[in-house]
Each structure stands twice: as structure tokens, then as C-alpha cells.
Amino acid sequence: MGGYPDSLNPGNGLLAESYTMYELVFDTPIAVDATGAYVPELATDWTVSEDGLTWTLTIRDDATFHDGTPVTAEDVAYSIQLYRDTPDFPYLPSYATYFEDIQAPDETTVTLTTAEPLGNFEANMVFMYVVPKHIWEPAVAAVPCEGTASPPPEESAPPPCGALAFENEEMIGSGPFKLHEASQGEYVILDANKDYWGTVPAIDGVVFQTITNPDARVTALTTNNVDAISEFPATAVSALRNEPNITVNLADIAAGGSLRDVFFNMVADEDCPDGGVCSGHPALKDVAVRQALATAFDKQQIVDVATLGTASLGLSLVPPGLGDFYANEVADYPFDVDAANAMLDDAGYEDTDGDGIRECLPSQDCDNLTFRFNYADDIDTAPREAELIAANWEQIGVATEIQGIDPDTLTENFCCPIFDYDVILWGWGSDPDPAFLLGVAVCTEIDTGFSETGYCNPDYDALYDAQAVETDHEARVEMIHEMQQILVDDVPYIIPYYAQSLSAWRTDTFTGWLQTNPTLGLEDPSNLSAIRPAE
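Only a predicted model underlies this, so the values are computations on that prediction, with no experimental measurement involved.

1. Observations concerning the nonpolar core
At step 1: Membership of the largest hydrophobic core comes to 150 residues, with the highest contact counts inside it found for Leu 112, Phe 121 and Trp 393.
At step 2: Here Leu 112 is in contact with Leu 53, Thr 54, Trp 55, Leu 57, Ile 80, Phe 99, Asp 101, Ile 102, Phe 121 and Met 125, once residues within four sequence places are set aside.
At step 3: Within the second largest apolar cluster, 15 residues are counted, among which are Val 218, Leu 221, Val 226 and Ala 234.

Below is the structure:
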């Protein structure tokens, strides 16, 4: 793989590589299959009360953690509470925040009570990685909060500071694989869990080797130094298909999908978080500028040139893989350089000195429309995409200063909630439900760092809150479509494309790789539990 997990603590994970490990090492109450259907995992059954406020999960009684301790409902309840009560975890609290009361009345029952009905309960369970209470509770309690001699005395909730600081180096879970060894930036070795309650892997283990150079990744496959790769340039597809004993698989991504995004720093001065730099270019707070940038954005060129056609044109934060949640009736900005120039002319941005770069408005604290353009340097196609975008924007008098930055640094020192950037090219993998990705645009996430843009629109927030408790599917779909329209109109994001899964593997070392379309990926437990040594 191209990157490396940024944390073995599932609460702290930001990068896709981390979630690959979590899916293999931990179980969740409910999982999702390649068709997008919710299926039992640790929970064999779940029901909701007549008033829609209390969910009851029946927890299987034959699962054990990797240290041999049985998994009980108390571990499930503790884990959900841990994520709910640690708001500084970047992602997982958003799934657990709705549960006001979390109980384990017996070893196989968990009850979750909400203030209002939930329209997407199952989706909130898919990422509730169950951790062993007997390990986490003392470890979390042993870490004092900053400025205190001991953890907070409230026994009903784990101290947030301890949960954040716990590195979880042993990474004990109950999943089909268990941690053997991890070397930062180099590799992660997982052993098969031969005592797994579900399908026991036929292989002995998996070595996830980090190879940052995409060409070296391809070479490692062709020279039989690795058995499979799940990230490589589209330019290598033809050559790999001509290689003996190698299969290339191009497929849609199951349970949502993956998208490329270009987003703008538009946080208002009054919304700048404590400790934030909030140095975004003033012109990017002008919706006319963002709409002009979207109009001068040739998405088809990026799909054709950067991905060689292995992607589909993007529109909103909700990918087509989410079915009727995708708002295909929303009109995108057609690529039109003349129209984009006219938009900036009408907004008062002129190039009075003839240097090819438009000047800022007199009311703005800036000289001209030169934007810092950063991208995560673990994206193989990002350099070419950035060049294409810069060339588009140059035609409307906008200059860019392009710099690739490693993902950890980009997150911690530039993005969120620091807001020390102008434009960033990155990407998201979607959940099986749209609420997660749409949540990056709500006002309350600016301080948490989940908001990448600082975008804040009360009308959007009202719709987000309403869809969360709407149990009528058609009504919820209508709200989510309206939210997508708002985001396209306000342009905190430009979505160049929705990616497909591009993977390749050797057929002479292991067999049984799943060639489903859509796919959950080579690294999904369903795949790694299916393969076996070639004869």
C-alpha cells in the first residue's frame, strides 16, 4: 500500500490505511456487505421499540478477543460510550452522539436510547469498533488529563484525555486477524485469528508493506515481491494486463464509494477555532470567486488525463453508489472559461497591471488572486491533477502555488482545525449512509477539525439535523438532495470525480481473490478470508 496507518487507536484514526487495519482486527455490531446491505456481525439481531427511541441488540455469545477473553455486551456498550464521550476523536463520536443512554443489562444484550428516532441506525453501528473493556478502561484511566494530577472523577464516562492518549500498541480486538508487529512507516504484520467465531482465514497472515513510490509498487508485484497491490497508477493497467500470472480488477466501490475533492478555506473570522491560524485567502470567502473557479474546472479532462477514464464525473459529497441519496437532478457548473471570466469581471476582480493575475477587491486584505494549492502526496495522481487544475484557473487570471505535503502534516499543521491553507486537493471514502460525509459541512464541526472548509450555513445545518431523525425514507432522501443542492450552490467543495477500485494480484501465489463488482477491496476481511495458497 502507498501509506501507513496514522494510529492503532480506532478512535484517533484519520487515514484510510488505519481503517483497513481496524476492519481486519476489530468487529463491529453490524457490518455492510458488497451489495450495501447491513448484515449481522457481533450483533445477531437488532430491534427498535414502538416509539423508535430504544434499540436493542442481541450480542453473539461465541466471540472472544485475541487475548482469549470472551466478548460480552458490556464490551460493546463500553466501546460505544467511549466514542460518544470522547468528542476530540476525529470521526467516531459522530456515530455515537445520538445515544443518550447506553446499557448492557446482561451478557448478550445492549440497549441504546435516543432522544429522537434515528433514520440511519445501522449505519451508525458499522464503525463502532468493539474494544476490550478490561484493557481499555484501566489504560484510559491511567492517563491524567492535562493540568490535573488524576483523571476526572466521573466514573460513568471514560476520561477523554486518556482515550486520546492511549496508543493501543497491542491492538487487541476480536476480528479475523490480530496484530503481530507494526513498524512505523514501513509495514504492519497481521496473523490470522484461528479462533475466530466467523470464517477463519485460510492464510497464516498478511504483511501490509508501505511502498510510497507508485512505480515501485507495480514493480514489486511484477517481480513477485508482493502478492497484491490496491493502489497504482492507471497508466500501469495495460502493462500489468500483459504480464503473466497477474490479474487486474477495475470495479465500483461498494457501500458508497470514493471521491476526489478540492476544497476551499472559507472559515469566517468569528468562527476561527481556538489555536487556529485561519489564514485562508480573503477572496475565497466570496461565493462569486468559488463559483467562477468551479466553472473554470474541467472535470472531464482530469478523468481522461489523470485517471485514464477509470473514474466518473463528480458532483457532490454523496456518490452515486449511495443509490437514491445521490442527487442526479442537481446541475453542475459546465466547464466554460469565458463564463468564468465574465463572473469574475462582474464581481469586480480586474487585472489592471496586465500580469495575467486578477487583483483583489479594495475591501479585501490581499494583493491578487494567487492561491496556495496543497495536496496529499500519497495520492498517486495528485501532482498531475493539480497541474491540470492550475492550467484551467490560469485562463481566468488565477495563479496557484502548488505543494505536495504528507497526509499527517497536512492534517495537523495545515488543514483542520488550523485552517492554514487556501485550497487543498484530497479525497474521501464514503460510508454506506450519506450522513457522515455531509456532516463535514455543518457549523458545529468547525471547532472539532472535522470541518475541512470552515463552511457554515444555518439552513444546511437545519436540514442535516432534520434528516438525522427522519424515519420516512423518501422524506429523508428529499432533504439530502436539498443539502447537495446547497453545497453545489455555495461551493465549499468541488468534486472532480468518483473513483473506482483499481487492484491487481498474482495468481501463482494465492487464489480465491473475489472479483465482485462492486467490491469491498482486496484488503477487506471478506477477501483476505477467502484466499488460499496456490497449488
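2. Some remarks on the packing of helix α9 (residues 287-295) against helix α11 (residues 337-346)
At step 1: With their axes 8 Å apart at the nearest point, α9 and α11 run at an angle of 170° to one another. Between α9 and α11, the angle falls in the class roughly antiparallel. When α9 is examined against α11, the residues Ala 288, Val 289, Gln 291, Ala 292 and Thr 295 are found in contact with a partner set consisting of Ala 339, Ala 340, Met 343 and Leu 344.
At step 2: Counted by class, the contact of α9 with α11 contains seven nonpolar, two polar and no charged residues.

3. Re the sheet that holds strand β10 (residues 228-229)
At step 1: In spatial order, the strands read β10-β18-β11; together these three strands make up an open sheet with antiparallel pairing. For this open sheet the edge positions go to β10 and β11 (246-251), each flanked by a neighbour on one side alone.
At step 2: Of the strand pairs in this sheet, β11 and strand β18 (residues 501-506) are connected by six bridges, and their pairing is antiparallel. By the bridge assignment, Ile 246 is partnered in β18 with Arg 506.

4. Comments concerning the environment of Asp 420
At step 1: With respect to the element layout, Asp 420 can be found in the loop between α13 (407-415) and β16 (423-430).
At step 2: Among the residues examined, Asp 420 registers a relative accessible area of 22% and is labelled partly exposed.
At step 3: Sequence spacing of Asp 420 and Asp 408 is 12 residues, and the spatial spacing of their C-alpha atoms is 14 Å.
At step 4: Beyond its immediate chain neighbours, meaning those up to four positions away, Asp 420 contacts Asn 265, Val 277, Ser 279, Arg 372, Asn 413, Phe 414 and Cys 415.

5. Remarks on the packing of aromatic side chains
At step 1: A full pass over the atoms with the stated rule returns 28 aromatic pairs.
At step 2: When the ring of Phe 99 is compared with that of Phe 121, the centres are 6.1 Å apart and the planes differ by 80°; the resulting orientation is edge-to-face. Here Phe 99 is found in strand β5 (residues 99-106), whereas its partner Phe 121 is found in helix α4 (residues 121-125), with 22 residues between them in sequence. Taken individually, Phe 99 and Phe 121 each receive the classification buried, so the pair is uniform in this respect.
At step 3: Ring centres of Phe 263 and Tyr 493 lie 5.8 Å apart, and the angle between their planes is 50°; this geometry places the pair in the tilted category.

6. Examining the side chain of Ser 430
At step 1: Residue position: Ser 430 is located in strand β16.
At step 2: We classify Ser 430 as buried; its relative accessible area is 13%.

7. A few points about the pattern of salt bridges
At step 1: Within the structure shown, the criterion is met by 13 salt bridges.
At step 2: Arg 506 is the salt-bridge partner of Asp 508, the closest N and O atoms lying 3.0 Å from each other.
At step 3: With a relative accessible area of 6%, Arg 506 lands in the buried category.

8. Re the state of the cysteines
At step 1: Counting across every chain of the model gives four disulfides.
At step 2: Between the sulfur of Cys 360 and that of Cys 366 lies a disulfide, 2.1 Å long from S to S. Because the sign of the S-S torsion sets the handedness, a value of about -125° for the bond joining Cys 360 and Cys 366 places this disulfide among the left-handed ones. For the pair formed by Cys 360 and Cys 366, the shared burial category is buried.
At step 3: Across a sulfur-sulfur distance of 2.0 Å, Cys 443 and Cys 456 are joined as a disulfide pair. Across the S-S bond linking Cys 443 and Cys 456, the dihedral sits near 100°, which makes this disulfide right-handed. With Cys 443 in the loop between α14 (435-438) and α15 (458-468) and Cys 456 in the loop between α14 and α15, this pair connects stretches of sequence that are 13 residues apart.

Parameters and conventions
Residues numbered from 1 in each chain as written. Predicted model: local features only at pLDDT ≥ 70, side-chain atom pairs only at ≥ 80, totals over all residues. Heavy atoms only, no water. Core = buried A, V, L, I, M, F, W, Y, C linked by side-chain atoms within 4.5 Å. Buried < 20%, exposed > 50% of the residue type's maximum accessible area, 1.4 Å probe, protein only. Contact = heavy atoms within 4.5 Å. Axes fitted to C-alpha atoms, helices over the stretch in contact; angles between N-to-C directions. Helix = DSSP H or I, 4+ residues; strand = E, 2+ residues; numbered from the N terminus. Parallel < 35°, antiparallel > 145°, perpendicular 65-115°, else oblique. Nonpolar A, V, L, I, M, F, W, Y, C, P; charged D, E, K, R; others polar. Pairing = 2+ DSSP bridges. Phe/Tyr/Trp six-rings, centres within 6.5 Å; stacked < 30°, edge-to-face > 60°. Salt bridge = Lys/Arg side-chain N within 4 Å of Asp/Glu carboxyl O. Disulfide = S-S within 2.5 Å.

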